[in-house]
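# Survey of secondary and tertiary structure
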Amino acid sequence: MKVQEYLRECRELARLCTQNGWIDNDTLKVEIIESRDGGQVTAAVQFEEIIMEGAGCIAGRVPCYGQVRMRLDGAGDVVHMDVQE
């Protein structure tokens, strides 16, 4: 699984949410800011967090951002990730 696909499905990225909402995967943007030998990558991520009302309606959206450090295998699949808040 490549970086973008991994981030769309992982639960760890929810640590960047500030209102206990959900990540809007349609707004997820990833920018690789550092790549090192050995498959270590640092990426900046940003997305909108969807905030829901008790009735199930969308109450708002909050921009969220942060950095993640990932270790990739030889095929470019993510094998480990740490969220930097």
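See the structure printed just above.
Residues numbered from 1 in each chain as written. Predicted model: local features only at pLDDT ≥ 70, side-chain atom pairs only at ≥ 80, totals over all residues. Heavy atoms only, no water.

This part is about the overall build of the protein. Counting its regular elements, the protein contains one helix and four strands. Starting at the N terminus, the α and β elements of the protein follow one another as α-β-β-β-β. When the backbone C-alpha atoms are referred to their principal axes, the protein occupies close to 50 × 20 × 15 Å. Counting over 85 residues, the protein shows a buried share of 33%. In the protein, of all internal contacts separated by at least 6 residues, the share reaching a separation of at least 24 is 46%. If you sum the accessible surface of the protein, you get close to 5,600 Å²; carbon and sulfur atoms cover 45% of it. Of the charged side chains in the protein, 9 are positive and 15 negative; the average position of the first set lies 3 Å away from that of the second. (Helix = DSSP H or I, 4+ residues; strand = E, 2+ residues; numbered from the N terminus. Buried < 20%, exposed > 50% of the residue type's maximum accessible area, 1.4 Å probe, protein only. Contact = heavy atoms within 4.5 Å. Areas by Shrake-Rupley, 256 points an atom, 1.4 Å probe, with all protein chains shown as cover. Lys, Arg positive; Asp, Glu negative; His and termini not counted. Charge placed at Lys NZ, Arg CZ, Asp CG, Glu CD.)

On to the nonpolar core, then. Ranked by internal contacts, the top residues of the largest apolar core, which has 19 residues, are L7, L13, F47, V68, M70, V78 and M81. Discounting residues that sit within four places of it in the chain, V68 has contacts with L13, V41, T42, A43, V45, M81, D82 and V83. (Core = buried A, V, L, I, M, F, W, Y, C linked by side-chain atoms within 4.5 Å.)

Okay, the pairing of strand β2 (residues 40–52) next. Relative to β2, strand β1 (residues 22–36) runs antiparallel, the two being bridged by 10 bridges. Bridge pairing in β2 links I23 to E49. In this antiparallel pair of consecutive strands, β1 and β2, the connection spans three residues, and G38 shows a positive phi of 90°. Bridge count for β2 against strand β3 (residues 58–72) is 13 bridges, and the pairing is antiparallel. (Pairing = 2+ DSSP bridges.)

Within the open sheet, the four strands sit side by side as β1-β2-β3-β4. Their pairing is antiparallel. Both outer strands of the open sheet, β1 and β4 (78–84), are each paired with one neighbouring strand and no more. Across the sheet, the mean angle from the axis of one strand to that of its neighbour is 30°, orientation sign disregarded. (Axes fitted to C-alpha atoms, helices over the stretch in contact; angles between N-to-C directions.)

Within the secondary structure, E49 sits in strand β2. There is a polar contact of 3.2 Å between the side chain of E49 and the backbone nitrogen of N20. Not counting residues up to four positions away in its chain, the partners in contact with E49 are C17, T18, Q19, N20, G21, W22, G60, R61, V62 and C64. (Polar contact = N/O pair within 3.5 Å; in protein donor to acceptor, adjacent residues only side chain to side chain.)

A word on the pattern of salt bridges. Working definition: two side chains of opposite charge can pair if their charged atoms are close together. In total, this model carries four salt bridges according to the counting rule given. Across the salt bridge formed by D77 and K2, the nearest N and O atoms sit 3.5 Å from each other. Of the two residues, D77 is situated in the loop between β3 and β4 and K2 in the segment before α1 (3–9); the sequence distance between them amounts to 75 residues. You can call K2 partly exposed: its relative accessible area is 40%. A salt bridge links R36 to E34, with the nearest nitrogen and oxygen atoms 3.0 Å apart. Among the ionic contacts, a cluster of salt bridges with common partners joins D24, E48 and R61. (Salt bridge = Lys/Arg side-chain N within 4 Å of Asp/Glu carboxyl O.)

Such coordinate-based values are descriptive only and should not be taken to indicate function.
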